[in-house]
Structure formats: C-alpha cells, structure tokens
Amino acid sequence: MTRLLLVNPNTNTRTTALMAAIAQRAAPAGVSVEGATVATGAPLLDDPAKLAVGAEAVQALLAATDLSPFAGVIVAAFGDPGLAESRAAAPVTLTGIAEAAMAEAAAIGRFVIVTTTALLAPSIDARVVEYGHATRHAGTFLTEGAAAALMADPAQLEAALEATARHALAETGAEAIIIGGGPLAAVAEALRPRFAVPIIEPVPAAVRLALSRAVLS
C-alpha cells in the first residue's frame, strides 16, 4: 500500500477530513491518503498573517512527524504555506495544492483562479509567478463578501463561486478554471459539470502530482 500524508495548515479538523476524503477518492487503487491537522494557528487562512502562522505550523508538524512510511506529503492550503521551507529537510517529496493545480491548468492553456480570500490575492499571484505560469494566468477573481461568512453557508459559497467563475470566463475567455482553496474542494466537484471548460480541483491535482513524483523519486 502506497501512503500519502495530507497536511491541513489550518486547525479545522473537519476541513482535514473533507480534504482527505476528496484526496482518497482521487487516488488510484492501492493508495491510502491520511490526514493530519496542524496544532496551532487559525481555522481559516484568510489573510497573510494567518498564512504565515500556517506555514510555521506546517514546518513544525512535519519536523515532528515520522515521514518514512509515506511516499509523499501534500500541503493542502492554496497558498502552499510551509512548502518551500520544508522541502530541504523532508525525506520524502512535498507537493502543494496550488502548485499542482496551476501546473494542470497551465498545461491546458490560459487559466483563471477563483477564490474567496481577497487578502490573499497578492500571495496567490506571487505563487503563479514563482511557479512559472505568469504568461498563462488570465487573472485571479474574488467572490463578494467575507470568506468566513461564505464558508459558513455552503449554498451561498457554491453560488458565489459559480457566479464569479462565470464572470471570469466571460471577461477573459480562459480555457481552465482553478477553484483556489483546499476547503473549497467539495464545491469544485459540484461545479465541474456546469462548465464547458475544465474545473481544476487543487486537492485531486495534488494527489496526481504527488504520486508522479513518488514514482520518479
């Protein structure tokens, strides 16, 4: 059995369980996905300060965990907090959900990112540049309203993300849409059949990239 560890950089254990379940559904037979939640930080990473705390918490969790049983680790927040800092010391490959989603989207063509966290838009756009996809990034589009309020109302969250995605497509003519956020994975699944262009789900994308790296390493 090949094992992957999915690390949630926020403290919400329900979110960890949700993302781990989505990752497990995306994994092929013979692959097991296990979730882990950081011990400190915030239940939702919706501003740069919380993202920075999440990065430190990811580093602490990975440093304290025996990673030898795992073929790879997935950092499951869209800012990929702690990913770069942890890679040098980790004995297994690390993959970020933003890193994986952007790679899949860029392979298709021009893409947009749709997300709820307005204060993290500069961090997201910086990741696009860092990962080498600036020429294919057609823009980051934000839902209206506070992220925490949307996350507390699944129906409102789904409606807001769909409306923003349709606006983004109409404005840019993009060829793929990334729903930017680990906790948004369930909504990304629901939206996929409603659009003519691919909806990129960051968590499943990370499973695919993590497994490809595990095979190559």
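Trainee: I tried to follow the overall build of the chain on my own but got confused; where do I start?
Mentor: Looking only at helices and strands, the chain has 9 helices and 8 strands in total. Scaling as 2.2 N^0.38, a compact globule of 217 residues should have a C-alpha radius of gyration of about 17 Å, and the chain matches this with 16 Å. C-alpha extents for the chain along the principal axes are approximately 45 × 35 × 30 Å. Across the 217 residues in the chain, those meeting the buried criterion constitute 53%.

Trainee: It is not clear to me how the sheet that holds strand E4 (residues 93-96) should be interpreted in this structure. Could you clarify?
Mentor: Think of a sheet as strands paired side by side through backbone hydrogen bonds, with each pair either parallel or antiparallel. Spatially, 4 strands are ordered E2-E1-E3-E4 in an open sheet, and the strand pairing comes out parallel. Both edges of this open sheet fall to strand E2 (31-37) and E4, since each of them pairs with a single strand only. Strand-to-strand twist in this sheet, taken as the mean axis angle between neighbours without regard to direction, amounts to 25 degrees. Where strand E3 (residues 72-75) lies against E4, 4 bridges are found, and the strand directions are parallel. Bridge assignment links Gly 72 to a residue of E4, and that residue is Thr 93.

Trainee: Teacher, can you tell me more about the pattern of salt bridges here?
Mentor: When their charged atoms lie close together, side chains carrying opposite charge are able to pair. Tallying each qualifying case throughout the model produces 11 salt bridges. Arg 127 is paired through a salt bridge with Glu 130; the nearest N and O atoms lie 2.7 Å apart. Of this pair, Arg 127 and Glu 130 both sit in helix H5 (residues 121-130), 3 residues apart, which is roughly one turn of the helix. Note that Glu 158 and Arg 194 form a salt bridge whose closest N and O atoms lie 2.4 Å from each other. With a gap of 36 residues between them, Glu 158 in helix H7 (residues 154-172) and Arg 194 in the loop between helix H8 (185-191) and strand E8 (199-200) connect regions that are remote in the sequence. Judged by relative accessible area, Glu 158 falls into the partly exposed class, the value being 23%. For Arg 194, a relative accessible area of 33% translates into the label partly exposed. Taken together, the shared-partner salt bridges in this structure form one network comprising Glu 158, Glu 162, Arg 166 and Arg 194.

Trainee: Any chance you could explain the side chain of Asn 8 here in plain terms?
Mentor: With respect to the helices and strands, the residue Asn 8 is situated in strand E1 (residues 2-8). Only 3.0 Å separates the side chain of Asn 8 from the side chain of Asn 10, close enough to count as a polar contact. In contact with Asn 8, not counting residues within four places along its chain, are Thr 15, Thr 16, Met 19, Ala 36, Thr 37, Val 38 and Ala 76.

About the criteria used
Residues numbered from 1 in each chain as written. Predicted model: local features only at pLDDT ≥ 70, side-chain atom pairs only at ≥ 80, totals over all residues. Heavy atoms only, no water. Helix = DSSP H or I, 4+ residues; strand = E, 2+ residues; numbered from the N terminus. Rg over C-alpha atoms; globule rule 2.2 N^0.38 Å. Buried < 20%, exposed > 50% of the residue type's maximum accessible area, 1.4 Å probe, protein only. Pairing = 2+ DSSP bridges. Axes fitted to C-alpha atoms, helices over the stretch in contact; angles between N-to-C directions. Salt bridge = Lys/Arg side-chain N within 4 Å of Asp/Glu carboxyl O. Polar contact = N/O pair within 3.5 Å; in protein donor to acceptor, adjacent residues only side chain to side chain. Contact = heavy atoms within 4.5 Å.

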